[in-house]
Amino acid sequence: MQLDNYRPHSALVTKITEIDRPRFPVIDAHNHLAEPFGGGWDKKPLPELLERLDQVNIRLYVDLDGGWGEHILNAHLDYFKAPAPERFKVFGGVDWSQWPALGDKFPDWAAQRLRLQKERGAEGLKVWKGFGLSVRDQQDTLVQVDDPRLEPLWESAAELKLPVLIHVADPVAFFWPLDDQNERWEELVAHPDWQFPSPPFPPFHSIMNGLANLVATHPRTTFIGAHVGCYSENLGWVGELLDRCPNFYIDIGARIAELGRQPYAARKFFIHYADRILFGTDMGPDLDVYRLYFRFLETGDEYFNYDPLDPPPQGRWQIYGLSLPDEVLEKVYFRNAERVICKSDQGG
Ligand SMILES: [Zn+2]
């Protein structure tokens, strides 16, 4: 038998708790609605989407797909937010491709664009992982995450009270050699373009140091570190940055696989940083995925698949529920996002 045909079934007889609806209403602070991550809902009927969200009590859905051009942002604002303003928020973005042409003028231009996006209705800024991996300046030099030239952009976000949801780097193993010790071997073989070997890419830790420095240098700007602060494999590192920077928050999108395989550390982390963690799935409005997240956060179920696919796509391991207390669940499900993302509504 080839190893990749091996499909062992667990013989454990353990509790299976079905959670159809979460214990509190939910704000999904990290998700998408267009292709490739959001399921193409910009081309499907809105009532169907709203009904789906109602089924799993997603009260508010943050759509990070506003993009960098007014064209996509406007389309998402018109299609989702205009008819259901209490159900959707749309984040804008930065058009890094303009840096080579605009040169020294780029940072102020990007800040001005952010202002226009807010005027049009954007309620946050999404920074995609190309920042730190592939964004280049007018000298064709890779732009570092903490590049001081970008100060106008980050300070404008603070002034405009727009939270910055930032994703840099990727799972640590994506930066490792693709060999017999790589824990994401199957995933990387299926998606060869997800590998970031150094060189030509910078090492994982230099990107993460850039993120920490960026967040510390702009204490007035609210940063939400996507995917458990972009380093879910090392909760100690993320906790240290949360301790150091009160302007730093994290979301849990697409990372229950990582959190759920270190359940003791993860449970302590959730309880200790209960005010700093935002719910998100990053997998589109998928009912099975939502219910897996609820099961992970609410129950003490043991050794279950973290994904609807079998074998699970990020790595062949299973996860354990965190059985979080109600006061933590309430904060993670909606209170924190209400404070961090919805505060821009209050004007000023
Ligand atoms: Zn995402």
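Higher on the page you've got the structure.
Below is a summary of the structure that appears in this document. Keep in mind the model is a prediction, meaning the values are calculated, not measured.

Right, let's talk about the overall build of the chain for a bit. Along the backbone of the chain there are 13 helices and eight strands. By its C-alpha atoms, the chain is 60 × 45 × 40 Å across when sized along the principal axes. Counting across all 348 residues of the chain, residues that qualify as buried make up 55%. A fraction of 77% describes how many contacts in the chain between residues 6 or more apart in sequence connect residues 24 or more apart. Approximately 15,600 Å² of the chain is accessible, and the part contributed by carbon and sulfur atoms is 53%.

In this structure the tally under the stated criterion is 24 salt bridges. Close ionic contact of E186 with R316 constitutes a salt bridge, the shortest N to O distance being 2.9 Å. Residue E186 is found in helix 6 (residues 185–190), and its partner R316 is found in the loop between helix 12 (287–298) and helix 13 (326–340); the two are separated by 130 residues along the sequence. When its relative accessible area of 37% is taken as the criterion, R316 is described as partly exposed. Bridged by salt links that share partners, the residues E183, R184, E187, E258 and R261 form one connected network.

Okay, the side chain of E155 next. Locating E155 in the fold gives a position in helix 5 (residues 151–159). A relative accessible area of 18% means that E155 is categorised as buried. Side chain to side chain, E155 and R220 meet in a polar contact 2.8 Å long. In this structure, E155 is in contact with H218, R220 and T221, ignoring residues within four places of it in sequence.

What follows concerns the layout of surface pockets. Remark: the empty space left among the atoms is shown by a probe the size of a water molecule rolled over them. Of the pockets and cavities examined, the largest pocket occupies roughly 1,000 Å³. Considering the residues around the largest pocket, the lining is formed by 39 residues, among which F37, E187, W194, M283 and Q314 are closest to the centre. At three residues, helix 6 tops the list of elements feeding residues into the lining of the largest pocket. The space that makes up the second largest pocket amounts to roughly 770 Å³. Lining of the second largest pocket is provided by 28 residues; of these, S10, Y303, F304, N305 and Q318 occupy positions nearest its centre. Across the lining of the second largest pocket, the residue classes tally to 11 nonpolar, six polar and 11 charged.

One open sheet accounts for five strands, arranged 4-5-6-7-8; its pairing is parallel. At either margin of the open sheet sits one strand with a lone partner, and together these are strand 4 (125–127) and strand 8 (277–278). Bridge count for strand 4 against strand 5 (residues 164–166) is three bridges, and the pairing is parallel. Bridge assignment links L125 to a residue of strand 5, and that residue is V164.

A few words now on the pairing of strand 2 (residues 58–63). Burial analysis of strand 2 places five of its six residues in the buried class, which makes it a mostly covered element. Pairing between strand 1 (residues 26–31) and strand 2: four bridges, direction parallel. If you follow I27 over to strand 2, its bridge partner there is L60. Bridge analysis of strand 2 against strand 3 (residues 88–90) gives three bridges, and the strand direction is parallel.

Calculation criteria
Residues numbered from 1 in each chain as written. Predicted model: local features only at pLDDT ≥ 70, side-chain atom pairs only at ≥ 80, totals over all residues. Heavy atoms only, no water. Helix = DSSP H or I, 4+ residues; strand = E, 2+ residues; numbered from the N terminus. Buried < 20%, exposed > 50% of the residue type's maximum accessible area, 1.4 Å probe, protein only. Contact = heavy atoms within 4.5 Å. Areas by Shrake-Rupley, 256 points an atom, 1.4 Å probe, with all protein chains shown as cover. Salt bridge = Lys/Arg side-chain N within 4 Å of Asp/Glu carboxyl O. Polar contact = N/O pair within 3.5 Å; in protein donor to acceptor, adjacent residues only side chain to side chain. 1 Å grid on protein atoms, 1.4 Å probe; cavity = no way out; pocket = protein on both sides within 12 Å on 5 of 7 lines; lining within 4 Å. Points joined across faces, edges and corners; volume = space filled by probe spheres on them. Nonpolar A, V, L, I, M, F, W, Y, C, P; charged D, E, K, R; others polar. Pairing = 2+ DSSP bridges.

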